[in-house]
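Below, each chain spelled out in residue letters.
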Amino acid sequence: MTTTFITGANKGLGRETARRLLDLGHTVIMGARDPERGAEAAAALGARFVRVDVTDEASVTAAAADVAAHEGAIDVLVNNAGITGPHAEPADLTAADALAVFDVNLFGVIRTTRAFLPLLRRSPDPVIVNVSSGMGSLALTHDPSRAESSVVAPLYTASKAALTMLTTQYARGLEGIRVNAVDPGYTATDLNAHSGPQSVTEGTDAIVLLATEGPGAGSGRFIDRNGPIAWS
């Protein structure tokens, strides 16, 4: 039985990932900041809920301790929690705005990964899936044929570029753990007022793939539902 912990799991990509992995036989622990919405989503899907605020060190530590006490280990960590940040003109963005976005999209992944590493290392085949974005890809944002090239979102894009680089460094430095990043694609979620053309099922294809690969699959990759994404 594969045990999976997902952050930001009460809605959108996180919830759909939980639903699909449950259908595939995973034991899923759904993490979310809002206790009411998180518990409601977990109850609806038949998963267990653990409150976690990835911006709060104590909350992340408590979540890992809860999982250690109940499940004892995890096989897959899906770092899904993320925010877009303020919709403002680039000239109006502040350092405080940047800190708030990076606190969730990058530092939250660092906090969660560090806290859950002891639980992952108890697995015979530990996996970390970081939900990044094509918006953080230099190749995609410079390709005029791609929608990513027409969007101006400095803080979100910078945080996701940093997360993808963090993924490659974790892949090199965390021995024995597969660490990969995914671009869900332009998916209809609350982050974009449900304007994306993809369904949440399509948006979770790459996440589910990485969460269900067998031992020996590659590490340090960046993929979407169609395959690898160019690094440059």
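J.: Please provide a residue-by-residue account of the environment of Trp231, values included.
T.: Note on placement: Trp231 falls in the segment after strand S8 (227-228). Not counting residues up to four positions away in its chain, the partners in contact with Trp231 are Thr164, Thr168, Gly220, Arg221 and Phe222.

J.: Kindly report on the sheet that holds strand S6 (residues 178-182), identifying the contributing residues and their values.
T.: Taken in spatial order, the eight strands line up as S3-S2-S1-S4-S5-S6-S7-S8 in an open sheet, and their pairing is mixed. One side of each edge strand has no neighbouring strand; the edge strands of this open sheet are strand S3 (48-51) and S8. Where strand S7 (residues 222-224) and S8 come together, two bridges link them in antiparallel fashion. Looking across to S8, one finds that Ile223 is bridged to Pro228. On top of the sheet, helix H3 (residues 57-70) reaches strand S1 (3-6), strand S2 (27-32) and S3; it is set at about 150 degrees to S3, its chief contact.

J.: An account of the packing of helix H1 (residues 12-23) against helix H9 (residues 205-212) is needed here, citing residue identities and associated values.
T.: Packing of H1 against H9 brings their axes to within 10 Å, and their N-to-C directions diverge by 45 degrees. When the interaxial angle is binned, H1 and H9 end up oblique. When you trace H1 past H9, the crossing you get is right-handed. Across the interface between the two elements, Thr17, Arg20 and Leu21 of H1 pack against Asp205, Ile207, Val208, Ala211 and Thr212 of H9.

J.: So what's going on with H9? Residues and values would help.
T.: The complete set of buried residues in H9 reads Ala206, Ile207, Val208, Leu210 and Ala211. The inward-facing, buried residues of H9 contact H1, strand S4 (76-79), strand S5 (127-131), S6, helix H8 (200-203) and S7.

Quick notes on the rules
- Residues numbered from 1 in each chain as written.
- Predicted model: local features only at pLDDT ≥ 70, side-chain atom pairs only at ≥ 80, totals over all residues.
- Heavy atoms only, no water.
- Helix = DSSP H or I, 4+ residues; strand = E, 2+ residues; numbered from the N terminus.
- Contact = heavy atoms within 4.5 Å.
- Pairing = 2+ DSSP bridges.
- Axes fitted to C-alpha atoms, helices over the stretch in contact; angles between N-to-C directions.
- Parallel < 35°, antiparallel > 145°, perpendicular 65-115°, else oblique.
- Left-handed = near helix turned anticlockwise from the far one by under 90°.
- Buried < 20%, exposed > 50% of the residue type's maximum accessible area, 1.4 Å probe, protein only.

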